[in-house]
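In case you want the letters, here they are:
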Amino acid sequence: MMELSLKRLAFNVALLTFLLLITVQSSEGRCNIPLIIRGSWFSWENRPVLTEINADSMTDKGYCLDFLEEYHVNYTFLFQKDSCFHCVKLIVRTVNVMDKMETGCVNLPPDTVPTLQRVCSRLNEEQQLITLFSENPIPVNCRSSLEGVWQFAYQNRFRFTGECNHPGAQIRSCQTAGTQFLITNQKFNITYKSCPGMTGTFDGVVEYSCLGDWFVDKNHFFAVVNTKESRKDEKYRCFLKNRDDDLYIGVSITAECNTLKTVEKSPERMRVTPVKAEVVEPGCRLPQNFSGDWINTANIDADVFINDTHIIETYHPDEGRYRRSVYVCRETRDSRYMMARLTVDGCQKDYICFDFVPQHHNVIRYRKGIAVIKDDFHTVCSWVQFKNNVAWKYDLFLAKNPHPVRCPVAGKFNFTQRGDQPFETRILGGVTLSPRPNLYCKQNISDLSVCDTDQKEMLIDETYCLSVDHRGQPKDIYSDPDYKMKCIAYWKENLKSYLITYDELDPFSKYRCWVYQRADLNRILMSQAIGAFCDLKQDVTSWNYTEGATVALDMVEYERERDQCPMYFDDGENPWKKTEANVQVFHFNSRYSSSDSESTCLNIFVLTVSLCLASNSLLKRHFTL
């Protein structure tokens, strides 16, 4: 019994000693380094450096005394090694990449308490960052870093002068949905080709695994590792893109990111051009009157080119950048067209259904379904693939070089306006060549006129002199209209009448959408939209941005005797009917050709016969009476 108690006492003493040792060791390091910081890291600091970070220590820095965490990505640590104190700031870029800045050894007086604020006050925030790469990286998807297929031309400032542009040089970074183990999604290939006569260029394929990406202002960095490279200083590389112009890529030639200040001054620079990953054969034809250049108002006024089988759409999300999509006609039934969509800087194709309204004037109205990966018309063009909102309207393709059509609203109107951006008095084309005479105006009005012969141009004068002289002639014959807009399309949709006008001098958008309605026998209401398309909430009384409008007009017709400007209105119920007046002019002149003379003689003969018949009938009636 005594022997058993002695054994228990010895065990308790050993356990207490072990716990005491753990307490002493933990007291040496007073902070617990986060898990995302721990691990084995490689960096290039004019020499290869391997850094081990444990739960409480860092290689060559000693034990952790304190740390400060900011936004879960910025960590400032205070380390002590012997009599030296170190302040180290680590910025977590991805799970595999960190940036480091440090103070070096800081000596404090014996009676000074080492604190994080006191030691780190000597940290220079402007010093060059040192990049740490994980020795055991976690695979990361490449889509956020690099996605697409490009042909590239490259130059290396330290190997050769000039630019090597070979058509076979290609970057391929394609993420394939459903790939086993996601291996394909975590790697991309760069195929280099040598250029004849340029030493330093080479043939070879480099395969990189992605370590993640991050942004610093407009600079987009991403890091990679060559898993087939055994030399650590050659394994890791950094890439840089700029959000304003992502058709150039900067590449580091060492395992560090601090050499990439700008894309232009990078050690290696690539000029990339997106290419199509595959070719799809067309299986149907688009309507012939679709062919030409158009503007897609539903996608940042994208440029659209349409031929018999393809729709090529190019839009600019920012200055210096562009994105392009190619739609290939595959199958059609009634008004629906199944199109294969190829993104030029992408790697996969999908299928989208377009529902087109027959083209009229200078507009193609359409709606687009949901993108589907399956090549089947019944699936892609099923009516359930289109948005079944309670309220919706067609998107628009507008002609890039429109020809004017007869305006649905014509006449002379006196209008009052209300809006965020009302029509103002201005001089088209700049300062006048000669001063205008100062006329006395009995009444000034705001005038909207569609009075040209073909009624195709809308003239707006915010301050118009309505006075006339003693003969009834207008006095204000010198003033020019403030705005000249050509009517290019109109139609009726959702019980609203829409009009599209074109103004080359409009600084915001050459195309403007209007909602118009006849309110009385001689009164018309109109509302101008902010841009080339009208919002669903916009009606004829909309005047501010909350409904997508800029100004609302209340117009009353006031045609005078000498204006020769009859009122006309068309609600756009049938935009395909021809409403333009065709006036036949007969030229009785010998200067015209023989064919013209023959047609003129024939017209004179017909006119003479008709006059003779009319006179005979009048004579018979006279003698009868």
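To keep things clear, this report deals only with the structure shown in the data block.

Rules behind the numbers
Residues numbered from 1 in each chain as written. Predicted model: local features only at pLDDT ≥ 70, side-chain atom pairs only at ≥ 80, totals over all residues. Heavy atoms only, no water. Helix = DSSP H or I, 4+ residues; strand = E, 2+ residues; numbered from the N terminus. Contact = heavy atoms within 4.5 Å. Areas by Shrake-Rupley, 256 points an atom, 1.4 Å probe, with all protein chains shown as cover. Buried < 20%, exposed > 50% of the residue type's maximum accessible area, 1.4 Å probe, protein only. Polar contact = N/O pair within 3.5 Å; in protein donor to acceptor, adjacent residues only side chain to side chain. Phe/Tyr/Trp six-rings, centres within 6.5 Å; stacked < 30°, edge-to-face > 60°. Disulfide = S-S within 2.5 Å. Pairing = 2+ DSSP bridges. Axes fitted to C-alpha atoms, helices over the stretch in contact; angles between N-to-C directions. Salt bridge = Lys/Arg side-chain N within 4 Å of Asp/Glu carboxyl O. Core = buried A, V, L, I, M, F, W, Y, C linked by side-chain atoms within 4.5 Å. Patch = residues over 30% accessible without salt bridge, like charges linked within 9 Å, V, L, I, M, F, W, Y side chains within 5 Å.

Here's the deal with the overall build of the chain
Each helix and strand in the chain was counted, giving five helices and 33 strands. For the chain, restricting intrachain contacts to residue pairs at least 6 apart in sequence, the fraction spanning at least 24 positions comes to 53%. In the structure as shown, the chain presents an accessible area of about 34900 Å², 53% of it carried by carbon and sulfur atoms.

Observations concerning the side chain of Ser542
Structurally, Ser542 is set in the loop between β31 (523-529) and β32 (549-557). With relative accessibility at 0%, the residue Ser542 sits in the buried group. A distance of 2.9 Å separates a polar side-chain atom of Ser542 from the backbone nitrogen of Asp539. The contacts of Ser542, once residues within four sequence positions are left out, are Ser527, Lys537, Glu547, Ala549, Val551 and Ala552.

Let's talk about the packing of aromatic side chains
Applying the stated rule across the entire model yields 29 aromatic pairs. For the ring pair Tyr154 and Phe160, a centre distance of 5.9 Å and an interplane angle of 85 degrees mean the geometry is edge-to-face. Phe160 gets classed as buried once you look at its relative accessible area, which sits at 9%. Cluster of aromatic residues (ring-pair linked, three or more members): Phe290, Tyr327, Tyr337, Phe354, Phe356, Tyr366 and Phe397.

Structural notes on the state of the cysteines
Throughout the structure, instances matching the rule amount to twelve disulfides. The disulfide bridge from Cys142 ends at Cys210, spanning 2.0 Å between sulfur atoms. Here the disulfide of Cys142 and Cys210 is right-handed, its torsion about the S-S bond being about 110 degrees. Linking Cys142 in the loop between β8 (130-134) and β9 (148-156) with Cys210 in strand β12 (residues 204-216), this pair joins segments that are 68 residues apart in sequence. A residue is classified by how much of its surface remains accessible, and Cys210, at 2% relative accessible area, is buried.

Considerations on the environment of Ala169
With respect to the helices and strands, Ala169 occurs in strand β10 (residues 164-173). Looking at Ala169, the relative accessible area reads 1%, which means it is buried. As for Ala169 and Trp150, which are separated by 19 residues in sequence, their C-alpha atoms are 8.4 Å apart. The residues contacting Ala169, other than those within four sequence positions of it, are Trp150, Gln151, Phe152, Thr191 and Lys193.

Focus: the sheet that holds strand β24 (residues 395-399)
Judged by pairing direction, the barrel is antiparallel, and its eight strands sit side by side in the order β17-β18-β19-β20-β21-β22-β23-β24 before closing back on the first. Each strand of the sheet is rotated relative to its neighbour by a mean of 35 degrees, with strand direction disregarded. Relative to strand β18 (residues 302-306), strand β17 (residues 292-296) runs antiparallel, the two sharing five bridges. By the bridge assignment, Gly292 is partnered in β18 with Ile306.

Brief notes about the pattern of salt bridges
A complete count under the given rule lists 29 salt bridges for this structure. Residues Asp246 and Arg323 are paired through a salt bridge, measuring 2.6 Å at the closest nitrogen-oxygen approach. Taken as a pair, Asp246 in strand β15 (residues 245-251) and Arg323 in strand β20 (residues 323-333) lie far apart in primary sequence, 77 residues in all. Using a relative accessible area of 23% as the deciding quantity, one classes Arg323 as partly exposed. Overlapping salt bridges, with partners in common, bring together Glu45, Lys61, Lys100 and Glu102 in one network.

Observations concerning the sheet that holds strand β11 (residues 187-192)
Around the barrel, eight strands lie side by side as β9-β10-β11-β12-β13-β14-β15-β16; this closed barrel has antiparallel pairing. Between one strand axis and the next, the sheet turns by 35 degrees as a mean value, whatever way the strands run. Bridge analysis of β12 against strand β13 (residues 219-225) gives seven bridges, and the strand direction is antiparallel. Counterpart to Ser209 in the pairing with β13 is Val225.

Comments concerning the environment of Glu163
In this structure, Glu163 sits in the loop between β9 and β10. Linking Glu163 and Arg269, residues 106 residues apart in sequence, is a C-alpha distance of 9.2 Å. Setting aside residues up to four positions removed in sequence, Glu163 forms contacts with Ala153, Tyr154, Gln155, Met198 and Arg271. Within the local environment of Glu163, its side chain forms a polar contact with the side chain of Arg271, the two groups lying 2.8 Å apart.

As for the nonpolar core
One finds Leu448, Met458, Ile460 and Met555 to be the most contacted residues of the largest nonpolar core, which totals 24 residues. Those elements that provide at least two residues to this core are β25 (409-419), β26 (444-450), β27 (457-465), β28 (483-493), β30 (511-518), β31 and β32. With residues up to four places along the chain from it excluded, the contact list for Ile460 reads Phe415, Phe423, Asp447, Leu448, Pro481, Asp482, Tyr483, Met485 and Trp514. Membership of the second largest hydrophobic core comes to 23 residues, among which are Leu146, Phe160, Tyr192 and Phe222.

Quick notes on a nonpolar patch on the surface
On the surface, Ile36, Val95 and Ile138 cluster together to form a nonpolar patch covering roughly 240 Å² of accessible area. Take Ile138: it is sitting in the loop between β8 and β9. Classification of Ile138 by relative accessible area gives partly exposed; the value is 48%.

Concerning the side chain of Gln359
Note on placement: Gln359 falls in the loop between β22 (349-356) and β23 (363-368). At 2.9 Å, the side chain of Gln359 and the backbone oxygen of His361 are in polar contact. When sequence neighbours within four positions are dropped, the list of residues in contact with Gln359 reads Asn289, Phe290, Trp294, Ile364 and Trp576.

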